[in-house]
Amino acid sequence: MKISKINIVYVCTLGIILAFGISLSSMAQAASPTKALDEQDVYYPGTEDLGSNEMRVIACGTGMPNARPKQAAACWLVELGNGDKFLFDIGSGSSERLSALKIPYDYLDKVFIGHLHSDHFGDIGDLWIGGVIGNRINPLRVWGPSGPTPELGTKYALEHMEKMFTWDSASRLGNVDIRGQVLEVTEFDYKAVNQEIYNENGVSIRTIPAIHALDGPVSFILEWNGLKFAFSSDTFPNKWWMEHTKNADIAIHECFITPDDLVKKQNWTPGAALNVGTQVHTSPAQFGKVMSEIKPRMAVGYHFFNDFDTLPNVLEAVRSTYDGPLALATDYMVFNITKDDIRVRMAVIDEDIWPQPATQKKLPPDASKRVGFSDFISGGRIPYADVVGKIYDDINKKYGTNIPAPDSVEMEK
Ligand SMILES: [Zn+2]
Ligand SMILES: [Zn+2]
């Protein structure tokens, strides 16, 4: 057959189409929509083992004093390969983040508060009482600093919180297992420098003074298994942080919004923005300076609304003074830390989350402890005994119990 020019073009084109078709079909095979990808670069709570030498740190609040849907106020969870978990600060809105992590509340029983601003301990009541409803049997243990006078210390604050919840606590007596309602507060000297305030199970936590707003604030250093975690809570750059957090594996330090964005976005005057943004708090450029001195394996900046239009300004200012490893945190950022590696990912959470079961057997509530109603309020009850009696019957049948419906017992009397 005589091959014409046109035929050569045709043969070549066919070859290319065939080759293209083959490569397409092999690509389609590799990326079959019925097969999962080998690795998801996100963290799904409750689905990963923590290595025996590994530390996992999760940002549960990274924003500003006004909690917003995207960011709660200060809260950091540290999980260790020995099974221990610690909370550093518990700011407004953060208890919602904690609930998303599928951790039984019995394990969220140790909280270290850096200072008594609402954006650093505003959700303590929610964790304390909500944790009991969410199946915590353990007491809630809280560590926090003293103040220049007793009423400016952690003990005073939490004693008054307990008083604030007097009605709440009374209402639960005899209705639920309230062993988790015990609050154990350890107040330590805010002026203590590098003093150990916790040492259990190979975990050491030390405190150093912080400089922020008023005497009282502190920062924390946790060490375990050769790994060092440092958390500033809120502070102006200071000598204690410089001396004691050097070479941390992860150093989390406040990094406030830039003064210019405080004027533009928060509607503050330039004077207020400069004072709060560089004197009460640490601005991004100051944060960079701090990190370039202590040289952590991972520097983490938090305490700013981390948005498309603020992040570039924060980053530019940080990079004017620091060129090392950096994460500018937002809520649900996850750090997996070992001696060899620090992996930074985002968690993907399930908004339909329910509390996990208690880790210990719950006691039946002692009904004799109930405070009960006055005759006046009791007299207003409309029992619907037939409707409620059926609910009791159905549950008794389903679970093999024999719990009498209260109003049917009343009627029999
Ligand atoms: Zn503060
Ligand atoms: Zn703060």
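Caption draft 1: Region of the structure containing the coordination of the zinc ion (ligand 1). Binding of the zinc ion (ligand 1) to the protein goes through His-115 (NE2), His-117 (ND1), His-212 (NE2) and Asp-234 (OD), at separations of 2.1 to 2.4 Å. Viewed at the metal, the 4 donor atoms of the zinc ion (ligand 1) are separated by angles of 92 to 168°, and the geometry they form is irregular. Between the zinc ion (ligand 1) and the zinc ion (ligand 2), both coordinated by Asp-234, there is a metal-metal distance of 3.3 Å. Of the two residues, His-115 is situated in the loop between β5 (110-112) and α3 (118-121) and His-212 in the loop between β9 (203-209) and β10 (218-224); the sequence distance between them amounts to 97 residues.

Caption draft 2: Spotlight on the packing of aromatic side chains. What the rule picks out here adds up to 15 aromatic pairs. With centroids separated by 5.3 Å and ring planes inclined at 85°, the aromatic side chains of Phe-86 and Tyr-198 adopt a geometry described as edge-to-face. Separated by 112 residues along the polypeptide, Phe-86 in strand β4 (residues 85-90) and Tyr-198 in strand β8 (residues 195-200) bring together distant segments of the chain. Here the two residues Phe-86 and Tyr-198 agree in accessibility, since each one is buried. Look at Phe-88 and Phe-231: their rings are 6.3 Å apart centre to centre, the planes differ by 55°, and that puts the pair in the tilted class. Of this pair, Phe-88 sits in strand β4 while Phe-231 sits in strand β11 (residues 227-231), and the two are 143 residues apart along the sequence. Residues Phe-88 and Phe-231 agree in their burial class; the two are buried. A network of ring pairs unites the aromatic residues Trp-76, Phe-86, Phe-88, Phe-112, Trp-143, Phe-188, Tyr-198, Phe-220, Phe-229, Phe-231, Tyr-302 and Phe-335 as a single cluster. Looking at Arg-68, its charged tip hangs above the ring of Phe-305, at a distance of 4.0 Å from the centre. Its end group placed over the ring of Phe-86, Lys-110 keeps NZ or CZ at 5.4 Å from the ring centre.

Caption draft 3: Broad picture of the coordination of the zinc ion (ligand 2). Those donors, Asp-119 (OD), His-120 (NE2), Asp-234 (OD) and His-303 (NE2), are the protein atoms that reach the zinc ion (ligand 2), and they lie 2.0 to 2.3 Å from it. For the zinc ion (ligand 2), the 4 donor atoms in the first shell make angles of 87 to 158° at the metal, a pattern classed as irregular.

Caption draft 4: Representation of the pairing of β8 within the structure. Inspection of the sheet shows β8 paired to β9 by 5 bridges, in the antiparallel sense. The residue bridging Asn-199 from the neighbouring strand is Ser-204, located in β9. Between the end of β8 and the start of β9, which pair antiparallel, lie 2 residues, with Asn-201 showing a positive phi angle near 55°.

Rules used throughout
Residues numbered from 1 in each chain as written. Chains lettered and ligands numbered in written order. Predicted model: local features only at pLDDT ≥ 70, side-chain atom pairs only at ≥ 80, totals over all residues. Heavy atoms only, no water. Donors = N, O, S within 2.8 Å, 3.2 Å for Na, K, Ca; no water. Tetrahedral: all angles 85-135°; square planar, octahedral: opposite > 155°, others 65-115°. Helix = DSSP H or I, 4+ residues; strand = E, 2+ residues; numbered from the N terminus. Phe/Tyr/Trp six-rings, centres within 6.5 Å; stacked < 30°, edge-to-face > 60°. Buried < 20%, exposed > 50% of the residue type's maximum accessible area, 1.4 Å probe, protein only. Lys NZ or Arg CZ within 6 Å of the ring centre and 35° of its normal. Pairing = 2+ DSSP bridges.

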